[in-house]
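Letter by letter, the chains look like this.
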Amino acid sequence: MSGIVIIGAGECGTRAAFALREAGYSGTIILVGAEPHLPYERPPLSKPMDGAVRMKPICTDDALAAAGIDYRRGVSAATLDVAAATVILSDGRPLTYEKLLLATGARPRKLACPGAERALDFRTHADAEAIFANVRAGVSAAIIGAGLIGMELASVLRGRDVAVSIIEAAPKPLGRAVPPRFAEGLHARHVSEGVSFHLDRGVVAIDDGGVLLADGSRVQAQLVVSAIGVVPEISLAQQAGLATGNGILTDACLRTSAADIFAAGDCAAVSQPGGGHVRFESWRNARDQAATAARNMLGAAEPFAAIPWFWSDQYDLGLQVVGLPQPFHRSIVRSSGDKEIAFYLEDGRLVAAAGLGVGSAAAKDIKLAEMLVAAGVTPDPAALADPDANLKMLLKSVRAA
Ligand SMILES: Cc1cc2nc3c(=O)[nH]c(=O)nc-3n(C[C@H](O)[C@H](O)[C@H](O)COP(=O)(O)OP(=O)(O)OC[C@H]3O[C@@H](n4cnc5c(N)ncnc54)[C@H](O)[C@@H]3O)c2cc1C
């Protein structure tokens, strides 16, 4: 039975399935997911509560049934034949489609050194269970990679009295997505919590005792986790001959090089107005692209234009970043008791903001900043820096104008 087939039952694929129904689609929806569980959220995996690995389903079986979504769990799409509009599943069954969404996400980048197989990955619920099965007070852990996932894991492990070393090839942690002032703040917090950093060091080998570094030093560890980033899962798209690069290439409307096939979420590299393709790896991007892809599969021609946003929780601190802060932006900092917000201006226009605070202290300001970014305002820098200048009022005055 033809209809819409979605490959990948992560945040993006699952959200897209429901968005199709919300948009009024009444045909068949088949959601194919390689993992054996109900679709679940990944962010809680690195933010366990009470020390237990959390499985937070995105939806229930009842919700899938009520929406008429045929969820095929624990089965993967093995091959895709674009000319025949058919996917062959790993159990040998064929699925034909009118429209196909590739929401295949990303998989952990692999270390290439001797002993690399000793390092645990951190992407799936099964990975989290394997890591936390080894966690108890007094254990020593080496985390390879000081990106968001590695740093979040470090904060959780310190809370469990695990001795944590972080090994990073770059000279600083969190160099990729986090503005330097906040990366430095988080780094300092990890140091004060007792995390030992080995920066600017490559990994040469992993063995029984831990990790051997390029400078000849050794990090003793009973538990080694590799958190060196992810690569987009593009193998199905490649096998089918779709255009790929650092992701499955799409136009601005999330359509791939094949007219009836769309891609969204961590696997999709989306064409940008200024040229090139951009791929995001964040929870909200997966959801936003799912909604746009669903509408476009039903005939809309909506360019994907959501403002990027992500968060990270480390210790009692919450980081939020909206837009894409760049080194060449003028940054204006507003500080108050339990939070610091940085606003980023390009030619006077507010284009991004980031905030770090205790718990969700920065959340409200970042939400307002997001609305100001969307409104394209050119605010008075002095007002942005002044913690007493109300962002809500600023937004109201912009809207009134
Ligand atoms: C531990 C962790 C913590 C995170 N924390 C945050 C956070 O705090 N904030 C934030 O913004 N983001 C966070 N993220 C990132 C966020 O979870 C991802 O960006 C989001 O899950 C991407 O969703 P997706 O559906 O595109 O891809 P995925 O979640 O990777 O889902 C893709 C699914 O497709 C399946 N699949 C792949 N190929 C096939 C195939 N051929 N057939 C069938 N199924 C297939 C995969 O098994 C997978 O289940 C975190 C990620 C991790 C791993």
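This one's a predicted model, so the numbers in the text were calculated from it and none came from an experiment.

S.K.: Account for the sheet that holds strand β11 (residues 196–199), naming residues and giving values.
M.R.: Strand order across the open sheet formed by 4 strands is β11-β10-β9-β15, with parallel pairing between neighbours. Each end of this open sheet is capped by a strand with a single partner; those strands are β11 and β15 (223–226). Across the sheet, the mean angle from the axis of one strand to that of its neighbour is 15°, orientation sign disregarded. Sheet topology places strand β9 (residues 140–144) next to β15; 4 bridges connect them, and they run parallel. The partner of Ile144 across the bridge, within β15, is Ser226. Packed onto the sheet, helix α4 (residues 148–159) meets β9, β10 (163–168), β11 and β15 and runs at close to 165° relative to β10.

S.K.: Just give me the short version of the domain arrangement of the chain, but keep the residues and values in it.
M.R.: Under the domain assignment, the chain is made up of domain 1 (4–107 + 230–297), domain 2 (116–226) and domain 3 (316–400). Just the C-alpha atoms count here: the centres of domain 1 and domain 2 sit 30 Å apart. Each partner contributes residues to the interface: domain 1 has 16 residues there, and domain 2 has 11 residues. Summed over both partners, the interface of domain 1 with domain 2 comes to about 1200 Å²; 58% of that surface belongs to carbon and sulfur atoms. Taken as a group, Leu45, Ser46 and Val53 account for 39% of the area that domain 1 buries against domain 2, more than any other trio of residues on that side. Summed over the shared surface of domain 1 and domain 2, the result is 3 salt bridges. In this structure, Lys47 and Glu152 form a salt bridge, with 2.8 Å as the shortest nitrogen-oxygen distance. The tally of links between domain 1 and domain 2 comes to 7 residue pairs in polar contact (both at pLDDT 80 or more). Residues belonging to the side of domain 1 that touches domain 2 are distributed by class as follows: 7 nonpolar, 3 polar and 6 charged.

Criteria and thresholds
- Residues numbered from 1 in each chain as written.
- Predicted model: local features only at pLDDT ≥ 70, side-chain atom pairs only at ≥ 80, totals over all residues.
- Heavy atoms only, no water.
- Pairing = 2+ DSSP bridges.
- Helix = DSSP H or I, 4+ residues; strand = E, 2+ residues; numbered from the N terminus.
- Axes fitted to C-alpha atoms, helices over the stretch in contact; angles between N-to-C directions.
- Contact = heavy atoms within 4.5 Å.
- Domains from an automatic or database assignment.
- Buried area = accessible area lost by both parts, 1.4 Å probe.
- Salt bridge = Lys/Arg side-chain N within 4 Å of Asp/Glu carboxyl O.
- Polar contact = N/O pair within 3.5 Å; in protein donor to acceptor, adjacent residues only side chain to side chain.
- Nonpolar A, V, L, I, M, F, W, Y, C, P; charged D, E, K, R; others polar.

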